[in-house]
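Reading the structure
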Amino acid sequence: MLKIQLLDVANPLWQETLEKLRYDIYHTSGYVDLEAKRTQSIPEAVLIEEGEKIFFLPYLSRRCDSLFEESNITGIFDVLSPYG
């Protein structure tokens, strides 16, 4: 069964998942949180599991409402990699 979760950096499942995988510093919650503060974005990760298969991808959500000020559109985000 496919299981999909969105994790914030405070979720202990973030570290538990990394302990099962080979990873780089750019995947750690501490690095992603630090980069989120620098870029004024929201640090999150998507975790998708199916049996023994794991897909884990940290990302940063950044508000883009200011690009659409004249049209009154709100709740617009883009997603970027904490890797840069």
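In this report, the structure presented in the accompanying data block is examined. The structure displayed is predicted, hence computed values, not measured ones.

Brief notes about the sheet that holds strand β2 (residues 42–50)
- Within the open sheet, the four strands sit side by side as β1-β2-β3-β4. Their pairing is antiparallel. Two strands in the sheet have a free side with no partner beyond their single neighbour: β1 (2–8) and β4 (77–80). Shown here is a sheet whose adjacent strand axes are inclined to one another by a mean of 30°, direction ignored.
- Relative to β2, β1 runs antiparallel, the two sharing seven bridges. Its bridge partner lying in β2, L2 is registered against E50.

Thoughts on a nonpolar patch on the surface
- Residues L67, F68 and I73 make up a contiguous nonpolar surface patch of roughly 290 Å² in combined accessible area.
- Summarising the element assignment, F68 is placed in the loop between β3 (53–63) and β4.

Points about helix α2 (residues 29–39)
- Among all positions in α2, only V32, E35, A36 and T39 are buried. Each buried residue of α2 lies within a common arc of 105° when the element is viewed along its axis, so the set occupies one face. Turned more than 90 degrees off the buried face of α2, the exposed positions are L34, K37 and R38.
- Buried residues along α2 sit in contact with α1 (12–18), β2 and β3.
- Looking one or two places after α2, you find Q40, whose phi comes out positive at around 55°.

Rules used in this analysis
- Residues numbered from 1 in each chain as written.
- Predicted model: local features only at pLDDT ≥ 70, side-chain atom pairs only at ≥ 80, totals over all residues.
- Heavy atoms only, no water.
- Pairing = 2+ DSSP bridges.
- Helix = DSSP H or I, 4+ residues; strand = E, 2+ residues; numbered from the N terminus.
- Axes fitted to C-alpha atoms, helices over the stretch in contact; angles between N-to-C directions.
- Patch = residues over 30% accessible without salt bridge, like charges linked within 9 Å, V, L, I, M, F, W, Y side chains within 5 Å.
- Areas by Shrake-Rupley, 256 points an atom, 1.4 Å probe, with all protein chains shown as cover.
- Salt bridge = Lys/Arg side-chain N within 4 Å of Asp/Glu carboxyl O.
- Buried < 20%, exposed > 50% of the residue type's maximum accessible area, 1.4 Å probe, protein only.
- Arc of directions from axis to C-beta.
- Contact = heavy atoms within 4.5 Å.

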